[in-house]
Amino acid sequence: MVNIARLLLPFLSSNFPAQVPLRPEYGSVPAKSIAIVGAGSAGLAMFKTLLDLPERAQEGWEVVLYEERENVGGVWLPDPRKVFPPEIPETPLYPLLHTNTPVPSMTYPGFPFPPKTPLYPSHEHIEAYHSRYAEHHNLSEIQSASWSGTPEQGQWDLIISDKTGRLHHKKFDHLVVASGNHHIPRITVWKGQDAWLSNTPAKRLRRRIVHSVYYREPEAFTNQSVVIVGNGASGRDAASQLVGIAGEVFFSIRHENRWDSDPIGGVHVKPEISHFTRAGVVFIDGTVVDPDVVLLGTGYELRKPPGQFSINQELVTNLRYIFPLHRHILSLSPSYPTNALAFIGLPTAIANCPSDTAQSLFVAHVILNPSILPSRAALLRELAAYEENIRAEGFDPYINGHKMLDGTSSDYQDELVDFLKEKVLQCFTSNETNLS
C-alpha cells in the first residue's frame, strides 16, 4: 500500500472549466468537510465536481479523497497477484477484458478518449484514461487508507489506518461512498454440491466451484469441462474465451430469450441448476452434466464499502439493494441530515462516467444548499412511488436493486441535472424578487 505523506489539498478554487454550467448564488456558505471514499470512476467524478464549484461557495471547505489501493482507477486498476480463496482479488479484471459499452458513452464531460481509441477498447485504455483524467485535473494526490466510521450527531468519525498501521481519527460533515460494486462475490449454493466436490472420480481433475472474480486466463481451463452459471457480462466473456480451449463449455442461464438474441457458437446452453449429486450437476430439465469446473458468473454482493464500515442500522441492504436512498444516492436515515451520506456509482446498466458526473453534480449542490431538497417524508414518498413503478414493470425492486430498466439510463441522469437547473432558476428568481 502506498501512502502519500499529506492529505489531499484543502478544498481550494479550481481553474478548470465546470462540467455543467450551474452557478447558483446561495449566499454565505458555512465551512464544510467532505470525505470521499474510493478513487475509481465515481470518486474521481465526485472530487472534480466539488473542485468545480464557485470559489465563493468553497471558501473554508476541505475535501479529502481516500483510496486504499496504490493508484486511481478502481475496478480498472489490475491486481497482478495470484489470489486464491478465501482471499479475494482487489479487482475482477482479467487480461482479455474489453468494454461492452462504446467509449463515447464512457467519457467524462469535456474529456474525450484519445484519437484512434477502439470503440470497445481493452481495459488498458480505460485504466490509462482514468489516470490521465486524474493527472490533468491534479487529482492524483491521494492519501492511501482503509476506513471504518459511524455517524455521531450529524458528523462522521473516520478511523484511518496509515501505512504503518497506526490509527487516526478525523471528523467530517459529509461522507461520499464511491467504492465500486465489484468486490465481494455472490456465491450461489446448491443442495448436494459438497458431496459432488468431495467425490471426484479417479484419474479426473479435482472438481471445483469457483467464482468469476478469480477468472484470469482461459488457458487455465485447457481441455476441461466447464459449466458457467450466469448470463451477465463476465459469464458471457468467459464462455466466448473458453470455446476452443476448454474441452466442453456449458452455459446455465435463467432466461433463454436473452441468449437467443446473441448466442455464442460452440457453447451448450442449459437451464438453471436444480441441485448436485455425486454423479454431477442436475439441471431443472432433468439433464445431468459432470464437469471439472463450475464457474460462477453470479455477480457481487452490494456491500458499501466492502470493508469493516458501520454506517447506520437504519440503512439496510439485502446485498442487492440499499434502502432507503433518494434517487440511488442520498441516505434517508433519520439519524443524520439528508445530505450527510451519499453514494456515487450504485446504478448499473448505465454508462458509468456520465452517470457518475450527474450524481456528483447532484450531491455537490445538495451539500452546498440542502434546502433545495423537499422534506425527508416527501423523499420517502417519492421512493415508495419509484418502487411501485418498478413493480408495475414486472420487477421486484429489492431484487432488481439499483439496475436501470431498459431505456431509462439517459432519463435518470438527465432528470438529476434538470432538477438542479430548476432549483438554480428558482434561486435566481427569488434573488431578483428580493432585490426589486
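Residues numbered from 1 in each chain as written. Predicted model: local features only at pLDDT ≥ 70, side-chain atom pairs only at ≥ 80, totals over all residues. Heavy atoms only, no water.

Engineer: Before we go on, may I ask you to explain the overall build of the protein chain in this structure?
Structural biologist: Broken down by element type, the protein chain carries ten helices and 22 strands. By residue count, 50% of the 436 residues in the protein chain fall in the buried class. For the protein chain, the proportion of contacts with a sequence separation of at least 24, taken over those separated by at least 6, is 65%. By element, 53% of the accessible surface of the protein chain is carried by carbon and sulfur atoms, the whole surface being about 20700 Å². (Helix = DSSP H or I, 4+ residues; strand = E, 2+ residues; numbered from the N terminus. Buried < 20%, exposed > 50% of the residue type's maximum accessible area, 1.4 Å probe, protein only. Contact = heavy atoms within 4.5 Å. Areas by Shrake-Rupley, 256 points an atom, 1.4 Å probe, with all protein chains shown as cover.)

Engineer: When you look at the sheet that holds strand β16 (residues 293-296) in this model, what are you seeing that I'm missing?
Structural biologist: Across a sheet, paired strands are connected by hydrogen bonds in the backbone, their directions being either parallel or antiparallel. Pairing in this open sheet of five strands is parallel, and the strands run β9-β16-β10-β11-β12 from one edge to the other. Strands with a single pairing partner mark the edges of an open sheet, and in this sheet they are β9 (208-211) and β12 (268-270). The mean angle between the axes of side-by-side strands here comes to 25°, regardless of whether they run parallel or antiparallel. As defined by bridge partners, strand β10 (residues 225-229) adjoins strand β11 (residues 248-252) across five bridges and the pair is classed as parallel. (Pairing = 2+ DSSP bridges. Axes fitted to C-alpha atoms, helices over the stretch in contact; angles between N-to-C directions.)

Engineer: Explain helix α1 (residues 41-51) here, please?
Structural biologist: Three- or four-residue spacings in an α-helix give side chains the same orientation, since the helix completes a turn every 3.6 residues. With eleven of eleven residues buried, α1 is to be regarded as a mostly interior element. Along α1, the positions that sit buried rather than exposed are Ser41, Ala42, Gly43, Leu44, Ala45, Met46, Phe47, Lys48, Thr49, Leu50 and Leu51. Residues of α1 that are buried in the fold lie against β1 (33-37), α2 (55-58), β2 (62-67), α3 (123-136), β7 (174-177) and α7 (352-368).

Engineer: Even after reading the chapter, I still don't get the layout of surface pockets, so can you show me in this structure?
Structural biologist: Where empty space is left in the structure can be found by rolling a water-sized probe over the atoms. Approximately 570 Å³ is the volume found for the second largest pocket. Together, 25 residues line the second largest pocket, and Val83, Phe84, Tyr214, Tyr215 and Arg216 are the ones closest to its centre. It is β9 that provides the largest number of residues to the lining of the second largest pocket, a total of four residues. Among the residues forming the lining of the second largest pocket, the class breakdown is 17 nonpolar, two polar and six charged. (1 Å grid on protein atoms, 1.4 Å probe; cavity = no way out; pocket = protein on both sides within 12 Å on 5 of 7 lines; lining within 4 Å. Points joined across faces, edges and corners; volume = space filled by probe spheres on them. Nonpolar A, V, L, I, M, F, W, Y, C, P; charged D, E, K, R; others polar.)

Engineer: Would you explain the nonpolar core in this entry?
Structural biologist: Side chains of a nonpolar character, in soluble globular proteins, are inclined to be buried together. One finds Leu50, Ile228 and Phe362 to be the most contacted residues of the largest nonpolar core, which totals 77 residues. Considering each element in turn, this core owes the most residues, nine residues, to α7. Membership of the second largest hydrophobic core comes to 19 residues, among which are Val37, Val64, Ala340 and Phe343. (Core = buried A, V, L, I, M, F, W, Y, C linked by side-chain atoms within 4.5 Å.)

Engineer: What is the right way to read empty space enclosed by the protein from this model?
Structural biologist: All chains considered together, the criterion is met by three cavities of 30 Å³ or more. What the second largest cavity holds in volume is close to 40 Å³. For the second largest cavity, the lining is made up of ten residues, of which Gly180, Asn181, His183, Glu301 and Arg303 are closest to its centre. Tallied by class, residues from the lining of the second largest cavity come to three nonpolar, four polar and three charged.

Engineer: Honestly, the environment of alanine 57 in this entry has me stumped. Any pointers?
Structural biologist: Position of alanine 57 relative to the elements: it lies in helix α2. Residue alanine 57 is classed as buried on the basis of its relative accessible area, which comes to 8%. Along the primary structure alanine 57 and alanine 31 are separated by 26 residues, whereas in three dimensions their C-alpha atoms are 9.3 Å apart.

Engineer: Just checking my understanding: could you explain the side chain of serine 331 for this structure?
Structural biologist: Here serine 331 lies in strand β21 (residues 330-331). A distance of 3.2 Å separates a polar atom in the side chain of serine 331 from the backbone nitrogen of serine 333. A polar side-chain atom of serine 331 sits 3.0 Å from a polar atom in the side chain of tyrosine 336. (Polar contact = N/O pair within 3.5 Å; in protein donor to acceptor, adjacent residues only side chain to side chain.)

Engineer: Is there a simple way to think about the packing of α1 against α3 in this case?
Structural biologist: Two quantities define a packed helix pair, namely the angle between the helix axes and the distance between the axes. Orientation of α1 relative to α3, taken along the N-to-C sense of each, is 20°, at an axis distance of 11 Å. The angle between α1 and α3 falls in the class roughly parallel. Considering only the axes of α1 and α3, their crossing is left-handed. On α3, the residues that touch Ser41, Leu44 and Lys48 of α1 are His130, Tyr133 and Ala134. In the contact of α1 with α3, the residues fall into three nonpolar, two polar and one charged. (Parallel < 35°, antiparallel > 145°, perpendicular 65-115°, else oblique. Left-handed = near helix turned anticlockwise from the far one by under 90°.)

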